[in-house]
Amino acid sequence: MSRERAKLVVGNWKMHGRIGDNATLLTEVAAGASALQKGVRVGVCVPCPYLAQSQALLSGSVVQWGIQDVSAHAGGAFTGEVAAEMAADFGVTYAIVGHSERRAYHRESPELVASKAQRAIEAGLTPIVCVGETLEERQAGTTEQIIGTQLEAVLQILTEEQAAGIVVAYEPVWAIGTGKTATPQQAEEVHAHIRARIAGRDAKIAALVRIQYGGSVKAANAAELFSMPNVDGGLIGGASLKAEEFLAIVAAARG
Ligand code: PEP
């Protein structure tokens, strides 16, 4: 398997932090990441109101910024939604789509998530497409089936060129914010399955697509997870809210 995929570590700040906290965190991450970043890509996905702040504080640094969701529509009468094109106006690189919290609390279907990924790409953003199974689904032995359904909806809607530009984040729902991390072997098993499914569409695309692991990654377990051949970095929730911890995770991705 190709080792040319530079690892990608992205923080998902969710609905945490206010403008003052963010100023400190963005500044600390930008300062620390410049020393560490060699060979690793680093990003932070902030709450929408802070995109302009992120652009102001991160422009010129090695840290890219992103949005935590986008609308499936380019514009129009969709109160409360944010178009990918609007995010692009603020220099955004990444758009998380299909996070399990959106799938669970907002009933987002695989097809809607796929449309969001497509809109993000059309606006020039890189979608980070989250997939993952619940504990019940894992215990029932349906992990691959669930992830297959989530992934296939995206692969079906995208052209090959578009598919080559996505990032997939494997985030087992039972590991998000719970302190329970998938073992490196469990993660590798699912990541290899995801890559094999993408290879079913096109082997070259499969070799290019980054597959991040997300779910209670911290400095203490990151290196082991990132050492697996199909784990191309991480999507980091709670641990991305402390600069020192997040930067230690970035350092672990350098290998
Ligand atoms: C997430 O919400 O994407 C996530 C991975 O959270 P945590 O790292 O806190 O489990």
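The preceding data block contains the structure.
Everything quoted here is computed from the prediction, not taken from an experiment. (Residues numbered from 1 in each chain as written. Predicted model: local features only at pLDDT ≥ 70, side-chain atom pairs only at ≥ 80, totals over all residues. Heavy atoms only, no water.)

### Observations concerning the site of the ligand
- Around the ligand, the structure places 14 residues, and the nearest of them are Lys14, Glu171, Gly177, Ser216 and Gly237.
- Within the side chain of His99, one N or O atom sits 2.9 Å away from an oxygen atom of the ligand.
- Note that an oxygen atom of the ligand is positioned 2.8 Å from one of the backbone N or O atoms of Gly237.
- A total of 290 Å² of accessible area belongs to the ligand in isolation, and the protein chains cover 95% of it.
- Grouping the constituent residues of the shell around the ligand by class yields four nonpolar, eight polar and two charged. (Near = heavy atom within 4 Å. Polar contact = N/O pair within 3.5 Å; in protein donor to acceptor, adjacent residues only side chain to side chain. Areas by Shrake-Rupley, 256 points an atom, 1.4 Å probe, with all protein chains shown as cover. Nonpolar A, V, L, I, M, F, W, Y, C, P; charged D, E, K, R; others polar.)

### What to know about the pairing of strand S4 (residues 94–97)
- Residue alternation in S4 divides its side chains into two sets, Tyr94 and Ile96 and Ala95 and Val97, and both sets are buried.
- Taken together, the two bridges between strand S3 (residues 63–67) and S4 define a ladder with parallel strand orientation. Counted as the bridge partner of Gly66 is Tyr94 from S4.
- Taken together, the four bridges between S4 and strand S5 (residues 126–131) define a ladder with parallel strand orientation. The residue bridging Ala95 from the neighbouring strand is Pro127, located in S5. (Buried < 20%, exposed > 50% of the residue type's maximum accessible area, 1.4 Å probe, protein only. Helix = DSSP H or I, 4+ residues; strand = E, 2+ residues; numbered from the N terminus. Pairing = 2+ DSSP bridges.)

### Here's the deal with the nonpolar core
- Within the largest apolar cluster, 70 residues are counted, with the highest numbers of intra-cluster contacts made by Val9, Val44, Val168, Ile194, Ile198, Tyr213 and Phe226.
- Filtering out sequence-adjacent residues up to four positions away, Tyr213 remains in contact with Tyr170, Pro172, Ala175, Thr181, Ala182, Ala187, His191, Leu225, Val231, Gly233, Gly234 and Leu235. (Core = buried A, V, L, I, M, F, W, Y, C linked by side-chain atoms within 4.5 Å. Contact = heavy atoms within 4.5 Å.)

### Observations regarding the packing of helix H7 (residues 143–157) against helix H9 (residues 184–201)
- The geometry of H7 relative to H9 is characterised by a closest axis approach of 11 Å and an angle of 40° between their N-to-C directions. The way H7 lies across H9 gives a crossing that is right-handed. Contacts from Thr143, Glu144, Ile147, Gly148, Leu151, Glu152, Leu155 and Gln156 in H7 reach Val190, His193, Ile194, Arg197, Ile198 and Arg201 in H9. (Axes fitted to C-alpha atoms, helices over the stretch in contact; angles between N-to-C directions. Left-handed = near helix turned anticlockwise from the far one by under 90°.)

### Here's the deal with the pairing of strand S2 (residues 40–46)
- Burial analysis of S2 places six of its seven residues in the buried class, the great majority of the element.
- In this sheet, S2 lies alongside strand S1 (residues 7–12) in parallel orientation, the contact comprising six bridges. By the bridge assignment, Val10 is partnered in S2 with Gly43.
- One ladder, built from five bridges, connects S2 with S3; its direction is parallel. Its bridge partner lying in S3, Val46 is registered against Ile67.
- Between the parallel pair S2 and S3, the chain is carried across by helix H2 (residues 51–58), and the sense of this crossover is right-handed. (Right-handed = clockwise from strand over helix to strand, strands pointing away.)

### Concerning the pattern of salt bridges
- All chains considered together, the criterion is met by twelve salt bridges.
- For Lys116, the salt bridge is made with Glu108, and the minimal N-O distance between the two is 2.7 Å. Across the pair, Glu108 and Lys116 agree in class, each one buried.
- Put simply, Asp69, Arg102, Glu108 and Lys116 are held in one network by salt bridges that share partners. (Salt bridge = Lys/Arg side-chain N within 4 Å of Asp/Glu carboxyl O.)

### A closer look at the environment of Ala83
- Along the chain, Ala83 turns up in the loop between S3 and helix H3 (84–88).
- Since its relative accessible area comes to 4%, Ala83 is described here as buried.
- Between the C-alpha atom of Ala83 and that of Thr93, which follows or precedes it by ten residues, the distance is 14 Å.
- In this structure, Ala83 is in contact with Ser71, His73 and Ala74, ignoring residues within four places of it in sequence.

### Looking at the sheet that holds S2
- Taken together, eight strands build a closed barrel; the order of strands is S1-S2-S3-S4-S5-S6-S7-S8 and the barrel is parallel. Looking at each pair of strands side by side, their axes are set apart by 30° on average, direction ignored.
- Bridge count between strand S6 (residues 167–170) and strand S7 (residues 210–214): four bridges; the pairing is parallel. Along S7, the bridge assignment pairs Val167 with Arg210.

### Focus on H7
- Taking 1.5 Å as the rise per residue, H7 with 15 residues should run 21 Å; its terminal C-alpha atoms sit 22 Å apart, in good agreement.
- Those residues of H7 lying buried are Thr143, Ile146, Ile147, Gly148, Gln150, Leu151, Ala153, Val154 and Leu155. (Expected span 1.5 Å × (residues − 1).)

### Description of the packing of helix H1 (residues 19–36) against helix H12 (residues 243–253)
- Relative to each other, H1 and H12 sit at 25°, their axes nearing to 10 Å. In terms of orientation, H1 and H12 fall into the roughly parallel class. The element H1 and its partner H12 pack so that their crossing is right-handed. Residue-level inspection shows Leu25, Glu28, Val29, Gly32, Ala33 and Leu36 of H1 in contact with H12, the latter providing Ala243, Phe246, Leu247, Val250 and Ala251.
- Tallied by class, residues from the contact of H1 with H12 come to nine nonpolar, one polar and one charged. (Parallel < 35°, antiparallel > 145°, perpendicular 65-115°, else oblique.)

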